[in-house]
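Secondary and tertiary structure notes
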Amino acid sequence: MASGNANDGNDLPRLARIDPRLFDLLFSGCKVERYAAGQHLFVQEDPSDRIYGVMSGTVEISIYSQGGQRLVANIELAHSLVGEVGALDGRPRTATAICLTACDLASLSRTQLFDRIEKNPSLARAMIELLCTRLRWISSELGDHAFFGIEARLAKRLVFLAGVMADGSGWIPISQSELAEFLGATRESVNKTLNSWRNRSIIAIKRGGLRITNVGALRHLAESQNDN
C-alpha cells in the first residue's frame, strides 16, 4: 500500500488553466474536434495561429534542440489551454504539442481570441494570471536544474506525474527513456536512481511503467536532496 496520497494536488505545479467559467466563456460556441493519440496540434517553430482548449485527454508539450534532443516541458489535461503564448504574441511556436491520448479539443483563431478578450475584460485578466503562472513554473524549473541533483528532480517529477497520469492502481505509464526526457537527464542516471528506490521500497517498477509505494519518502527526497 502506498504511504500517503501521491495525487495531492497541493504538490502539483499549476497546469495551464483558467477559471472553469471563463474557460467555457472563451470557447463558447466552438466546434469540438477529436484528435487521435499521436496527432500533433503544432510543431515547434510553426506559425502561431490558434489557441486550444482541452476538453478531454492528455497533451504533451515538448521542446526540441537543433540536434533533435527532446525535453518534455509539461503535460496538459482537461480544461487546460495549449498554445496561448504564440496565439497572444503571434510569434512562432516555442514548443511542440502532441496528443498522448485521444483528445477532444476546441480552438480559436488569434483574431477570435482577441475579439473575445476585448469583449470580456475578465478573460484578459485570466490570461495575464496564466502567463504569470507560466513564468513562475519556468523559474522553478530553472532553479531545480541549477540547485538540485537528479534524485530531487526525479522525485519531484514523479509526484507530479502520479497526479496527472497514474491509473486507478497508481501505475504511471511511462518508460525510463521518457522520464529522462522529462528531466533533460541521461537514461542511465534515471535507471540507476529508480533501481535504488525500488530496492528501498519507494517505488515499484514494471515494463513501461512504475508506481510510487512510499510517497512520503519520495517527497522528502524532492524537498531535501541537494546537488551534492
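Refer to the structure printed above.
Described below are features of the structure shown in this document.

Cut-offs applied
Residues numbered from 1 in each chain as written. Predicted model: local features only at pLDDT ≥ 70, side-chain atom pairs only at ≥ 80, totals over all residues. Heavy atoms only, no water. Patch = residues over 30% accessible without salt bridge, like charges linked within 9 Å, V, L, I, M, F, W, Y side chains within 5 Å. Areas by Shrake-Rupley, 256 points an atom, 1.4 Å probe, with all protein chains shown as cover. Salt bridge = Lys/Arg side-chain N within 4 Å of Asp/Glu carboxyl O. Helix = DSSP H or I, 4+ residues; strand = E, 2+ residues; numbered from the N terminus. Buried < 20%, exposed > 50% of the residue type's maximum accessible area, 1.4 Å probe, protein only. Core = buried A, V, L, I, M, F, W, Y, C linked by side-chain atoms within 4.5 Å. Domains from an automatic or database assignment. Contact = heavy atoms within 4.5 Å. Pairing = 2+ DSSP bridges. Phe/Tyr/Trp six-rings, centres within 6.5 Å; stacked < 30°, edge-to-face > 60°. Lys NZ or Arg CZ within 6 Å of the ring centre and 35° of its normal. Polar contact = N/O pair within 3.5 Å; in protein donor to acceptor, adjacent residues only side chain to side chain. Axes fitted to C-alpha atoms, helices over the stretch in contact; angles between N-to-C directions. Parallel < 35°, antiparallel > 145°, perpendicular 65-115°, else oblique. Left-handed = near helix turned anticlockwise from the far one by under 90°.

Together, L135, I138 and L142 give the surface a local cluster of nonpolar side chains, amounting to about 320 Å² of exposed area. Looking at the element boundaries, L142 is found in helix α4 (residues 121-147). L142 gets classed as exposed once you look at its relative accessible area, which sits at 58%.

L154, L158, L161, L179, L194, W197 and L218 are the most contacted members of the largest nonpolar core, which totals 29 residues. Taken together, the elements giving at least two residues each to this core come down to β5 (70-76), α5 (150-165), α6 (176-183), α7 (187-199), β11 (209-212) and α8 (215-224). Ranked by residue count, the leading element in this core is α5, at nine residues. Taken together, domain 1 (20-144) and domain 2 (148-223) each give at least three residues to this core, which thus spans both. In this structure, L158 is in contact with I172, L179, L194, W197, L210, I212 and L218, ignoring residues within four places of it in sequence. F27, A106, L108 and M127 belong to the second largest nonpolar core, which has 19 residues in total.

Turning our eyes to something else, we now look at the sheet that holds β11. Read from one edge to the other, the open sheet built from three strands follows the order β9-β11-β10, with strand pairing classed as antiparallel. The open sheet is flanked by β9 (171-172) and β10 (203-206), the only strands paired with a single partner. Note: β9 against β11, two bridges, orientation antiparallel. Counterpart to I172 in the pairing with β11 is L210.

Let us look at the packing of aromatic side chains. Overall, the coordinates contain three aromatic pairs when judged by the stated rule. Aromatic pair F42 and Y52: ring centres 6.2 Å apart, planes at 35 degrees, arrangement tilted. Placement of the pair is F42 in strand β2 (residues 40-42) and Y52 in strand β3 (residues 50-56), with a sequence separation of ten residues. With a centroid separation of 6.4 Å and an interplanar angle of 45 degrees, the aromatic rings of W137 and F160 are classed as tilted. Of this pair, W137 sits in helix α4 while F160 sits in helix α5; the two residues are 23 residues apart in sequence, bridging distant segments of the chain. When the ring centre of W171 is taken as origin, the NZ or CZ atom of K206, which lies over that ring, is 4.5 Å away.

Turning to the side chain of S62, a few remarks are in order. Among the secondary structure elements, S62 is positioned in strand β4 (residues 59-64). In this structure the side chain of S62 is engaged in a polar contact, spanning 3.0 Å, whose partner is the side chain of E60. Those residues in contact with S62 that lie beyond four places of it in its chain are Q44, R70, L71, V72, A73, A95 and T96.

Between α5 and α8, the shortest axis-to-axis distance is 7 Å and the interhelical angle comes to 130 degrees. By the angle between their axes, α5 is oblique relative to α8. The crossing of α5 and α8 is left-handed. Packed against α5, whose contacting residues are E151, A152, A155, K156, L158 and V159, the element α8 presents V215, L218, R219, L221 and A222 at the interface.

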